[in-house]
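Chains, contacts and geometry: an overview
What follows is the residue order along each chain.
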Amino acid sequence: MNRFTAALASAMTAVALAPGAAASTHLTRAVSGPAVDRSALSVSHNWSGEQLTSRSPGTFQGVYGTWHVPRVRATVRDKYSSTWVGVDGSNNRHLIQTGTEGDSVHGRTVYYAWWEILPRTETLIRYTNGQPVQVRPGDAIKATVVKTSRPNVWKISLVDSTEGWRFQTTRRYSGPGTSAEWIQEATTHSGAVSPVPAFTPVTFARLAVAESGRWYWTALTKANAVALVQHRRLKAFPARLTSGTPQRFTVYYKR
């Protein structure tokens, strides 16, 4: 087992970092250049959360985070949302990701787990009997997307500690690796971005990225924040970003 594979194995239970481990200074430099206004929020029509970006291909070889599945409000109008971590997508059309879904469909709430590699659509995570894995509001989730030592081969892992299931798959992915994200999203459905349903605050914690075969705690600042704006109205925003390691932040729905 090489060093990178060993780090991944540790990340499946707890990120392979000792408490207080230093963040990657290279990643800090990549996202905090002199032109960045740290007091400003980037704006997206479908994302809210935190993102790291780099101009150097291959910078991000993995992403890790935890959260508790947020509860969404049932509405007459169908609305879709997802909570996920991923690599790429912020500054390109590539993306490898995994997470949980919280939707309002026909006036009832629906929750499930999935993984996705663009441009293909999401794949539901299922038990061996073919039934979708159980996901409920409040469930404790651990998510890992990481490049293996094999060229263009990545591992996707999602663990629901509350329900007691663990998923892992190995897939080919050739994206540039120039961003990493922890996101609450207004999901695209039937080719269009959905209105985001009201959701309870969701906290992303133990934020880490892999670079050059090692895991690092993040060094996020206000410059990394992304707010969700739909029809010129702020609908979701990240707040309470901690400065110590490991970092955490919370995405709030704006009524």
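Worth saying up front: this structure is predicted, and the values here are computed from it rather than measured. (Residues numbered from 1 in each chain as written. Predicted model: local features only at pLDDT ≥ 70, side-chain atom pairs only at ≥ 80, totals over all residues. Heavy atoms only, no water.)

**Describing the confidence of the model for the protein chain**
The test is simple: What pLDDT expresses is the predictor's confidence in each residue, scored from 0 to 100. Contact definition: two residues touch when any of their heavy atoms are within 4.5 Å.
Here the protein chain averages 86 in pLDDT, and 84% of its residues register 70 or above. Per-residue pLDDT stays below 50 along residues 1-39; that stretch engages in 74 contacts with residues further than four places along the chain or on separate chains.

**Focus: the pairing of strand 8 (residues 140-147)**
For clarity, the threshold we go by: Only strands that DSSP links by at least two bridges are regarded as paired with each other. Counting from the N terminus, the helices are DSSP H or I runs at least four residues long and the strands are E runs at least two residues long.
Where strand 3 (residues 62-68) lies against strand 8, seven bridges are found, and the strand directions are antiparallel. Bridge pairing links Trp67 to Ile141 in strand 8. Sheet analysis places strand 8 next to strand 9 (residues 153-160), joined by seven bridges and oriented antiparallel. Paired with Lys142 across the bridge in strand 9 is Val159.

**Regarding the environment of Arg136**
Counted only if it meets this: Here a polar contact means two N or O atoms within 3.5 Å. Within protein one must be a hydrogen donor candidate and the other an acceptor candidate, and residues neighboring in sequence count only if both atoms are side-chain atoms.
Locating Arg136 in the fold gives a position in the loop between strand 7 (123-124) and strand 8. Each C-alpha atom of the pair Arg136 and Tyr111 lies 6.4 Å from the other, and the pair is 25 residues apart in sequence. Side chain to side chain, Arg136 and Glu163 meet in a polar contact 2.8 Å long.

**A few points about the pattern of salt bridges**
Our working rule: By definition, a salt bridge exists where a carboxyl oxygen of Asp or Glu is found within 4 Å of a side-chain nitrogen of Lys or Arg. Only protein chains enter the accessibility calculation, which uses a 1.4 Å probe; a residue is then buried when its area is under 20% of its type maximum, exposed when over 50%, and partly exposed in between.
Using the criterion set out here, one finds one salt bridge in the structure. Here Glu163 makes a salt bridge to Arg136, at a shortest N to O gap of 2.8 Å. Taken as a pair, Glu163 in the loop between strand 9 and strand 10 (165-172) and Arg136 in the loop between strand 7 and strand 8 lie far apart in primary sequence, 27 residues in all. Owing to a relative accessible area of 25%, Glu163 belongs among the partly exposed residues under this scheme. Residue classification places Arg136 among the partly exposed residues on the basis of a relative accessible area of 41%.

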